[in-house]
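Each chain, written out:
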Amino acid sequence: MTQKYNLISFGIMMTVWWIGSLIFPPLVVPSIKMVGISMMRILSSASLRFQIILTLERLLISLFFGNCFGFLIGYCAGVNVTFRKLVKPMIALLQVTPPVALLIIAIMWFGFNGKPAIVIAVFAILPTIEISVQEGILHINPQLIQMGKTFKLSRELIFKNIVLPSLAPHIASGWKISLGIACKTVVMGEVLTTSTGIGGNISDARLNLEPESVIAWTIITIILFYCIDLFVKKLLKKGVN
Amino acid sequence: MLIVKNLQKTYGEQSLVAIKDISFTVHENEIVMILGPSGCGKSTLLNIISNNIEGYAGSVEFTKKRLGYVFQEDRLLPWKTVKQNVQLVNMEGSDEQVNKVLDDVDILPFKDYFPENLSGGMRQRCSIARALYYGSDLLLLDEPFKSLDHSLRNEMLKLVAKINKETTLSILYVTHDIDEALMLADRVIVLSKRPAVVADDFRILEQPMERNLESERFIGLKKRIVTHLEENT
């Protein structure tokens, strides 16, 4: 049923795009065919494929650090009231700080390379994961923990069998949101700070007035998003089994 | 096996006394029912015995090793199957041992079911299986069949009696249901309303679950319990 709606939604988007390309000049709305050719060009070129790998690498690094720090801070904030009170204003600050402002600072620290893109993605992901994990900890059924203690389960067993599965739905939704944020911020960071990666190539396409390339790189970013999401889901499912 | 001496628990700054000067003993293979009105502190008593509550006066001495608990709510992990829920409390046990315990409580055919797919009675059977598989010497039961209908509750009480008969397990069972207590107990301890104090303590010699509660003796015992409960309220 969901697949059916996904297909209908996809069909509507393609139709709107097709009608748009008939009405507007290719410089404003390039045709589906032009974008398809551009995508083929990217995927058939080894050097351009390497650009995708570069972005993927930056994405994975930022996801790793953002999720690790977010989980750690969220977990501590969930179990310790004082820490939660201390961290709350900092997380609120991070939530409202524009990524571009952070990007400027990161450029001053690291210069014009891919690193500022990673830094802003980490800071953009961190609050989402932190809040998800913290809320998850606060919503763990205390009766289940008491059950574990009554049957003298070790801390490790309680964490593995009660705490982590209780957190899973919160982590899953946090992960999905953070992956979307990471994709957007890493590419944005690349656009503004480097000529490499997907963002760097989008920037080049803008300078060369190639809107079909911009859209092609964007579609590749979206595919990247779904590939990572699918991979992590399969990994988690395997872990649960 | 379990010796409770002068137990007293107070809550908060206003020193709300929940239980006061409670003493009793549970011997091996004995079924002791703690009977008292709702909210009198029965669960507090079990939580103190099971070390889930700290900061009380008096002493609790447990001479054996393991203490199992069947809670009011089943407290099963929804993401684990019946078998996995039971296995969790004793990682050293074998597959055959788990299956035997599940068979003892008539839940073996449902071992791969998740708790959400089981009825209330089945979930409580699983909860009992978990406490048995833990290797308990003393089983604490906190009104576990409160939400079940009459016939299912009777079935579950028979199961508890069967377990007690076939093992050396002692049982400490709290309830507010007079019939339940009279039907199952070797010994009944009646508690008053808050603060809970021991109002009565007597033995029943007839076999559990084979008693006629309509007999003169049991009607007399019921009246005695009701009088105690009314006197103390």
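Criteria and thresholds
- Residues numbered from 1 in each chain as written.
- Chains lettered and ligands numbered in written order.
- Predicted model: local features only at pLDDT ≥ 70, side-chain atom pairs only at ≥ 80, totals over all residues.
- Helix = DSSP H or I, 4+ residues; strand = E, 2+ residues; numbered from the N terminus.
- Buried ≥ 20, exposed ≤ 12 C-beta atoms within 10 Å, placed from the backbone.
- Rg over C-alpha atoms; globule rule 2.2 N^0.38 Å.
- Contact = placed C-beta atoms within 7 Å.
- Core = buried A, V, L, I, M, F, W, Y, C linked by C-beta atoms within 7 Å.
- Domains from an automatic or database assignment.
- Nonpolar A, V, L, I, M, F, W, Y, C, P; charged D, E, K, R; others polar.
- Pairing = 2+ DSSP bridges.
- Axes fitted to C-alpha atoms, helices over the stretch in contact; angles between N-to-C directions.
- Parallel < 35°, antiparallel > 145°, perpendicular 65-115°, else oblique.
- Left-handed = near helix turned anticlockwise from the far one by under 90°.
- Expected span 1.5 Å × (residues − 1).
- pLDDT = per-residue confidence, 0-100.

Which residues make up the overall build of chain A, and what values do they have?
Counting its secondary structure elements, chain A contains 10 helices and 0 strands. Helices and strands in chain A line up, N terminus first, as α-α-α-α-α-α-α-α-α-α. Here the C-alpha coordinates of chain A stretch approximately 70 × 50 × 30 Å along the principal axes. Residues classed as buried in chain A amount to 34% of the 241 residues present.

Which residues make up the overall build of chain B, and what values go with them?
Secondary structure assignment for chain B yields 7 helices and 9 strands. Its C-alpha atoms give chain B a radius of gyration of 18 Å, near enough to 17 Å, the size a compact globule of 233 residues would have. The principal-axis extents of the C-alpha atoms in chain B amount to approximately 50 × 45 × 30 Å. Of all 233 residues assigned to chain B, the portion counted as buried reaches 39%. Within chain B, counting contacts between residues at least 6 apart in sequence, those at least 24 apart form 73% of the total.

Run through the nonpolar core, naming residues and quoting values.
Nonpolar side chains in soluble globular proteins generally cluster together in the buried interior. Of all hydrophobic cores here, the largest spans 104 residues; its most connected members are Met33(B) and Ala129(B). Among the elements that take part in this core, helix H6 (residues 115–138) of chain A stands out by supplying 13 residues, more than any other. For Met33(B), the contacting residues outside a window of four places in its chain are Tyr173(B), Thr175(B), Ala181(B), Leu184(B), Ala185(B) and Val188(B).

Can you lay out the domain arrangement of chain A for me, pointing to particular residues and giving the numbers?
Residues and elements named next belong to chain A. What the domain assignment lists for chain A is domain 1 (1–27) and domain 2 (31–240). One C-alpha centre belongs to domain 1, the other to domain 2; they are set 28 Å apart. Contacts between domain 1 and domain 2 engage 6 residues on the former and 5 residues on the latter. Split into classes, the residues belonging to the side of domain 1 that touches domain 2 amount to 5 nonpolar, 1 polar and no charged.

Which residues make up the sheet that holds strand S7 (residues 170–175) of chain B, and what are the values?
Residue and element names in this part refer to chain B. Strand order in the open sheet formed by 6 strands is S5-S6-S7-S3-S8-S9, and the pairing between neighbours is mixed. Every other strand in the sheet has two partners, leaving strand S5 (67–70) and strand S9 (198–203) as the edge strands with one partner each. Sheet twist, expressed as the average angle between the axes of neighbouring strands with direction ignored, equals 15 degrees. Relative to S9, strand S8 (residues 187–191) runs antiparallel, the two being bridged by 5 bridges. Looking at the pairing, valine 190 lines up with aspartate 200 of S9. Along the sheet, helix H4 (residues 120–133) makes contact with S5 and strand S6 (138–142), crossing S5 at roughly 175 degrees.

So, the interface of chain A and chain B: which residues are in play, and what are the values?
Every contact between the two is made by 10 residues of chain A and, on the other side, 11 residues of chain B. Every element with two or more residues in the side of chain A that touches chain B is listed here: helix H7 (142–150) and helix H8 (155–193) of chain A. Its residues assigned to classes, the side of chain A that touches chain B comprises 5 nonpolar, 4 polar and 1 charged.

Report on the sheet that holds strand S4 (residues 57–62) of chain B, specifying residues and quantitative values.
Within a beta sheet, neighbouring strands are joined by backbone hydrogen bonds and run either parallel or antiparallel to one another. Residue and element names in this part refer to chain B. Taking strand neighbours across the sheet as the criterion, the 3 strands line up as S2-S1-S4 in an open arrangement whose pairing is antiparallel. Each edge of the open sheet is held by one strand with a lone partner, namely strand S2 (16–26) and S4. Between one strand axis and the next, the sheet turns through 20 degrees on average, direction left out of account.

Hey, could you go over the pairing of S7(B) for me, with residue numbers and the actual values?
Here S7(B) lies mainly inside the structure; 6 of its 6 residues are buried. Of the two faces of S7(B), the one lined by Ser170(B), Leu172(B) and Val174(B) and the one lined by Ile171(B), Tyr173(B) and Thr175(B) are each fully buried.

Would you mind going over helix H9 (residues 197–207) of chain A in detail, with residue names and values included?
Given 3.6 residues per helical turn, the α-helix brings residues three or four places apart onto the same face. By the burial criterion, the buried members of H9(A) are Gly197(A), Ile198(A), Gly199(A), Gly200(A), Asn201(A), Ile202(A) and Ser203(A). The first or second residue beyond H9(A) is Leu209(A), which carries a positive phi of 55 degrees.

Which residues make up the packing of helix H3 (residues 46–79) of chain A against H8(A), and what values do they have?
All names here are of chain A. Interaxial distance between H3 and H8 falls to 10 Å at its minimum, and their mutual angle equals 130 degrees. The orientation of H3 relative to H8 falls into the category oblique. Considering only the axes of H3 and H8, their crossing is right-handed. From H3, Thr55, Arg58, Leu59, Ser62, Leu63, Gly66 and Asn67 reach across to H8, where they touch Ser178, Leu179, Ala182, Cys183, Val186, Val187 and Glu190. Its residues assigned to classes, the contact of H3 with H8 shows 7 nonpolar, 5 polar and 2 charged.

Account for the environment of Phe10(A), with residues named and values stated.
With respect to the helices, strands and loops of the structure, Phe10(A) is situated in helix H1 (residues 2–23). Sequence-wise, Phe10(A) and Leu138(A) are 128 residues apart; in three dimensions their C-alpha atoms are separated by 39 Å.

Could you give an account of H6(A), naming the residues involved and the relevant values?
The end-to-end C-alpha distance of H6(A) is 35 Å, a good match for the 34 Å that 24 residues give at a rise of 1.5 Å each. Counting buried residues in H6(A) gives 21 out of 24 residues, a clear majority hidden from the surface.

Give a description of the confidence of the model for chain B that names residues and reports values.
Should pLDDT be low for a region, the predicted coordinates there are not to be read in detail. Residues and elements named next belong to chain B. Overall, the predicted model of chain B reaches an average pLDDT of 88, with 98% of residues at or above 70. Helix H7 (residues 216–232) is the least confidently modelled element of chain B, averaging 84 in pLDDT, while helix H2 (residues 82–87) averages 95, the highest of any element. Taken over the whole predicted complex, pTM reads 0.80, whereas the ipTM for its chain interfaces reads 0.87.

Give a detailed account of unusual backbone geometry, specifying residues and quantitative values.
All names here are of chain B. Residues other than glycine seldom take positive phi values, yet asparagine 29 does so here, at roughly 65 degrees. If you trace the backbone, asparagine 29 turns up in the loop between S2 and strand S3 (31–35). We note that methionine 209 has phi near 70 degrees; this positive angle belongs to a residue other than glycine. Structurally, methionine 209 can be placed in the loop between S9 and H7.

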